[in-house]
Amino acid sequence: MILAESQWRPLADAHAAAVDELAAAHLERRRRGEKHPVEDFLWTYYSHRPGQLRRWYPGPGVRLEGASERLAWRYHREVDGLVEVDMAAYLADRGDTVAFVRRLLAATRERPAQWSCFGLHEWAMVYRTDSTRHAWPLRLGADGTDAVVEAHQLRCTHFDAFRFFTPDAVGRNLHAPTRERQVELEQPGCLHASMDTYKWAYKLVPGVPSDLVMDALALARDARELDMRAAPYDLAALGVEPIRIETPEGKAAYVAEQRRVADRGDALRARLVAACDALLGAGVAA
């Protein structure tokens, strides 16, 4: 596919403007030295910065007219006066990453979802400690928070959540996630696994188009909001309405929202797996 400059420039400009709008409040808070546990998370926990996200990529197999400035971008080349992703260079450096992402996401899709964690990973991160991860009060206080953890079986399967558990909470978890067991344990009901579709998407650029990355970002943002609504913190001052997972009604509400996030996560994983297959197929063809 060949895109004239008059076709792709508006797409790139609209993409950059959308990123600017999404990141504006975060950048202003950063300037003021303020933090928001929902809105800032995607920009601080993940390594992809707004400036990186602003770059629009059409994906492989698309050649752009009038895009000579992109020749300074990594994994781009000129062919007959047009600029495209240099698939040979990309796969030489990123082929192992593509294969891992494909393996992880395909395994996650094949595994049954678990619906009984109730977002307790955030509670386990403050269990029996005077130090909380966010500078906000606990809805139930320290003792009440500890009591909720002790009344439940922790079932976290996601290493990047589990690694923040307090020492006293680690032994209460049904699983022992490690980085090495990620492909073995990751399951589609996990909020953090759905949130991480954003990470896997941006790690594949420019091998995937920017619209896929932005769709993953939208899911990650919604997953994070649900994550913090079910967390033990009192975020009412930020307009974050709690889901009281310590009650039967709260558990039911959480699982209903969790299922919606999981459905969107599965659809994004399917798109990412297909993109990985296309990339790996390109490597075989080359």
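Calculation notes
Residues numbered from 1 in each chain as written. Predicted model: local features only at pLDDT ≥ 70, side-chain atom pairs only at ≥ 80, totals over all residues. Heavy atoms only, no water. Helix = DSSP H or I, 4+ residues; strand = E, 2+ residues; numbered from the N terminus. Rg over C-alpha atoms; globule rule 2.2 N^0.38 Å. Buried < 20%, exposed > 50% of the residue type's maximum accessible area, 1.4 Å probe, protein only. Contact = heavy atoms within 4.5 Å. Areas by Shrake-Rupley, 256 points an atom, 1.4 Å probe, with all protein chains shown as cover. Expected span 1.5 Å × (residues − 1). Bend = angle between axes of the 7 residues up to and from the residue. Core = buried A, V, L, I, M, F, W, Y, C linked by side-chain atoms within 4.5 Å. Salt bridge = Lys/Arg side-chain N within 4 Å of Asp/Glu carboxyl O. Axes fitted to C-alpha atoms, helices over the stretch in contact; angles between N-to-C directions. Parallel < 35°, antiparallel > 145°, perpendicular 65-115°, else oblique. Left-handed = near helix turned anticlockwise from the far one by under 90°. Nonpolar A, V, L, I, M, F, W, Y, C, P; charged D, E, K, R; others polar. Pairing = 2+ DSSP bridges. Phe/Tyr/Trp six-rings, centres within 6.5 Å; stacked < 30°, edge-to-face > 60°. Lys NZ or Arg CZ within 6 Å of the ring centre and 35° of its normal.

**Considerations on the overall build of the protein chain**
Across its full length, the protein chain carries 13 helices and four strands. What you see for the protein chain is a C-alpha radius of gyration of 21 Å, in line with the 19 Å of a compact globule of 286 residues. A total of 286 residues make up the protein chain; the buried ones form 48% of that total. At a minimum sequence separation of 6, the contacts of the protein chain that also span at least 24 residues come to 69%. Surface exposure of the protein chain reaches about 13,400 Å², of which carbon and sulfur atoms provide 51%.

**Overview of the side chain of His 48**
Position of His 48 among the secondary structure elements: in the loop between helix H2 (41-44) and helix H3 (50-53). Taking relative accessible area as the criterion, His 48 reaches 8% and is therefore assigned buried. His 48 has contacts with Trp 43, Leu 53, Tyr 198 and Tyr 202, leaving out every residue within four places of it along the chain.

**Some words on helix H4 (residues 87-110)**
The terminal C-alpha atoms of H4, which comprises 24 residues, lie only 29 Å apart, well short of the 34 Å expected from a rise of 1.5 Å per residue. Largest kink in H4: about 70°, centred on Arg 94.

**A word on the nonpolar core**
Ranked by size, the top nonpolar core spans 64 residues in total, and within it Tyr 198, Ile 245 and Tyr 254 carry the most contacts. When residues no more than four places from it in sequence are discounted, the contact partners of Ile 245 are Phe 118, Leu 120, Trp 123, Val 148, His 152, Ala 230, Gly 250, Lys 251 and Tyr 254.

**A closer look at the pattern of salt bridges**
Overall, the coordinates contain 26 salt bridges when judged by the stated rule. A salt bridge links Glu 28 to Arg 32; the shortest N-O distance between them is 3.1 Å. Taken together, the residues span about one helical turn, with Glu 28 and Arg 32 both in helix H1 (residues 5-32) at a distance of four residues. For Arg 32, a relative accessible area of 43% gives the class partly exposed. Connected via shared salt-bridge partners are Asp 160, Arg 163, Arg 179, Asp 196 and Lys 199.

**Let's talk about the packing of H1 against helix H12 (residues 210-229)**
In a pair of packed helices, the angle between the axes and the distance between the axes together describe the arrangement. For the pair H1 and H12, interaxial distance at closest approach is 12 Å and the crossing angle is 20°. One way to sum up the angle between H1 and H12 is to call them roughly parallel. The element H1 and its partner H12 pack so that their crossing is left-handed. When H1 is examined against H12, the residues His 15, Ala 18, Val 19 and Leu 22 are found in contact with a partner set consisting of Ser 210, Met 214 and Leu 217. Along the lines of polarity and charge, the residues of the contact of H1 with H12 split into five nonpolar, two polar and no charged.

**Describing the environment of Ser 47**
For Ser 47, the position within the fold is in the loop between H2 and H3. Spatially, the C-alpha atom of Ser 47 lies 9.6 Å from that of Lys 203, the residues being 156 residues apart in sequence. Sequence-distant contacts of Ser 47, that is, excluding residues within four places in its chain, are made with Gln 52 and Tyr 202.

**Quick look at the pairing of strand S3 (residues 76-79)**
Moving residue by residue along a regular strand, the side chains alternate between the two faces of the sheet. Inspection of the sheet shows S3 paired to strand S4 (residues 82-85) by four bridges, in the antiparallel sense. Bridging from a neighbouring strand, Glu 78 pairs with Val 83 of S4. The hairpin turn running from S3 into S4, its antiparallel successor, is two residues long, and Asp 80 in that turn takes a positive phi close to 55°.

**A closer look at the packing of aromatic side chains**
For the structure shown, the criterion picks out 11 aromatic pairs. Measuring from ring centre to ring centre gives 5.1 Å for Phe 162 and Phe 165, while their planes differ by 55°; the resulting arrangement is tilted. Through successive ring pairs, a cluster of aromatic residues spans Phe 41, Tyr 45, Tyr 46, Tyr 198 and Tyr 202. Its end group placed over the ring of Trp 73, Arg 55 keeps NZ or CZ at 4.2 Å from the ring centre. Directly above the aromatic system of Trp 200 lies the positively charged group of Lys 199, at a separation of 4.5 Å from the ring centroid.

**A word on H1**
Because the α-helix completes a turn every 3.6 residues, residues three or four places apart line up on one side. In a regular helix each residue adds 1.5 Å, so 28 residues correspond to 40 Å; H1 covers 39 Å between its end C-alpha atoms and thus fits that length. For H1, every residue scored as buried is listed here: Trp 8, Ala 12, His 15, Ala 16, Val 19, Ala 23, His 26 and Arg 29. Backbone geometry just downstream of H1 places Gly 33 in the positive-phi region, at approximately 75°.

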